[in-house]
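# Notes for the structure review
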Amino acid sequence: MTCADQDLTIKQGKTFSKVIRWESAPLVYKAITAITKAGPVAVTAATHGLPDGWRAAIVSTTGMRQINSKNWPLRDADFHKITKVDANSFTVNDINSTEYDTYTSGGYVVYYTPVDLTGYTARMKIRDTVGGTLLTTLTTENSGIALDNTLKTITLTITATDTAALTWLSGVYDLELVSSGGVVTELLHGAVTV
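Below you will find a few notes about this structure.

Conventions used here
- Residues numbered from 1 in each chain as written.
- Predicted model: local features only at pLDDT ≥ 70, side-chain atom pairs only at ≥ 80, totals over all residues.
- Heavy atoms only, no water.
- Helix = DSSP H or I, 4+ residues; strand = E, 2+ residues; numbered from the N terminus.
- Buried < 20%, exposed > 50% of the residue type's maximum accessible area, 1.4 Å probe, protein only.
- Contact = heavy atoms within 4.5 Å.
- Core = buried A, V, L, I, M, F, W, Y, C linked by side-chain atoms within 4.5 Å.
- Phe/Tyr/Trp six-rings, centres within 6.5 Å; stacked < 30°, edge-to-face > 60°.
- Pairing = 2+ DSSP bridges.
- Polar contact = N/O pair within 3.5 Å; in protein donor to acceptor, adjacent residues only side chain to side chain.
- Salt bridge = Lys/Arg side-chain N within 4 Å of Asp/Glu carboxyl O.

Looking at the secondary structure, you find threonine 9 in strand S2 (residues 8–9). In this structure threonine 9 comes out as exposed when scored by relative accessible area, which is 55%. For threonine 9, the residues in contact, after removing those within four places along its chain, are Phe16 and Thr193.

Encoded structure:
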């Protein structure tokens, strides 16, 4: 994944929490063996490998063609957040397939590879301008960033007490992940508004 631009809004006096998932090439393809006509739709794909909350797209099914992604190559809008049921099935809460045609066969669930977060640390610096005065720092060491390798999540957190004490109204940030070997990857950057 290349560095993405994503703006953040912090509400003063409220806990700020943002969950990020680090997706990487290549795309993973898992064969689908069943899809329900239900809301939410349930999909069976043996050993799918999806962490709970990951984004996935469905392509090339027969019968229930309405569920297939609209674009190839896939675009951001083709991906849906899944809820993992078990190692072989998941649901897609924002798809109600009750009015779709009946699934007959084939198709794949497609998703970007989750990055293994083992050995990583993370840091996020908020400055008044690019290269300017440092306003706030979140790190894995100061509990401002939590890495969960099971769910493959990076969670940014600023407590309500800390957001209430902020004296600045806007800035810019960059979020970096640092491997155990010292390789620094900028994952996100953008504007911050309080």
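Structure shown, so let's carry the discussion forward.
Moving on: the nonpolar core. Counting residues in each nonpolar core, the largest one holds 23 residues, and the members touching the most others are Met124, Ile145, Ile154, Leu156, Tyr173 and Leu175. Looking at this core, the elements that each hand over two or more residues are strand S3 (16–21), strand S12 (121–127), strand S15 (153–158), strand S16 (170–178) and strand S17 (184–193). With residues near it in sequence (within four places) discarded, isoleucine 145 still touches Ala122, Arg123, Met124, Leu138, Thr139, Thr140, Ile154, Thr155, Leu156 and Leu175. Listed in part, the 19 residues of the second largest apolar core include Ile32, Val41, Val92 and Tyr103.

So, about the side chain of glutamate 23. Within the secondary structure, glutamate 23 is located in strand S4 (residues 23–31). The class of glutamate 23 is buried, set by a relative accessible area of 12%.

As enumerated under the stated definition, the model contains four aromatic pairs in all. Ring geometry for tyrosine 29 and tryptophan 72: centres 6.4 Å apart, planes at 50 degrees, overall tilted. Separated by 43 residues along the polypeptide, tyrosine 29 in strand S4 and tryptophan 72 in the loop between strand S7 (55–59) and strand S8 (80–81) bring together distant segments of the chain. Centroid distance tyrosine 29 to tyrosine 108: 6.2 Å. Interplanar angle 85 degrees. Geometry classified as edge-to-face. Of this pair, tyrosine 29 sits in strand S4 while tyrosine 108 sits in strand S11 (residues 108–114), placing them 79 residues apart in sequence. With relative accessibility at 41%, the residue tyrosine 29 sits in the partly exposed group. Site record: aromatic cluster; members linked through ring pairs are Tyr29, Trp72 and Tyr108.

Strands sit in the order S5-S6-S10-S9 across an open sheet of four strands; the sheet is antiparallel. Both outer strands of the open sheet, strand S5 (34–35) and strand S9 (83–86), are each paired with one neighbouring strand and no more. In this structure, S5 lies alongside strand S6 (residues 41–44), joined through two bridges in antiparallel fashion. Paired with alanine 34 across the two strands is threonine 44, which belongs to S6.

As a further point, take the environment of lysine 18. With respect to the element layout, lysine 18 can be found in strand S3. Taking the C-alpha atoms as reference points, lysine 18 and aspartate 148, separated by 130 residues in sequence, lie 13 Å from one another. In this view, lysine 18 contacts Gln6, Leu8, Ile154, Thr155 and Leu156; residues no more than four positions away in its chain are not counted. Within the local environment of lysine 18, its side chain forms a polar contact with the side chain of glutamine 6, the two groups lying 3.2 Å apart.

Below, the discussion takes up the pattern of salt bridges. Under the defined criterion, the tally for this structure stands at three salt bridges. Taking the shortest distance from any N to any O, the salt bridge between glutamate 23 and arginine 55 comes out at 2.9 Å. Within this pair, whereas glutamate 23 is found in strand S4, its partner arginine 55 is found in strand S7, the two being separated by 32 residues in sequence. Between aspartate 76 and arginine 55 there is a salt bridge, and its shortest N-O distance comes to 2.7 Å. Residue aspartate 76 is located in the loop between S7 and S8, and its partner arginine 55 is located in strand S7; the two are separated by 21 residues in the primary sequence. Overlapping salt bridges, with partners in common, bring together Glu23, Arg55 and Asp76 in one network.

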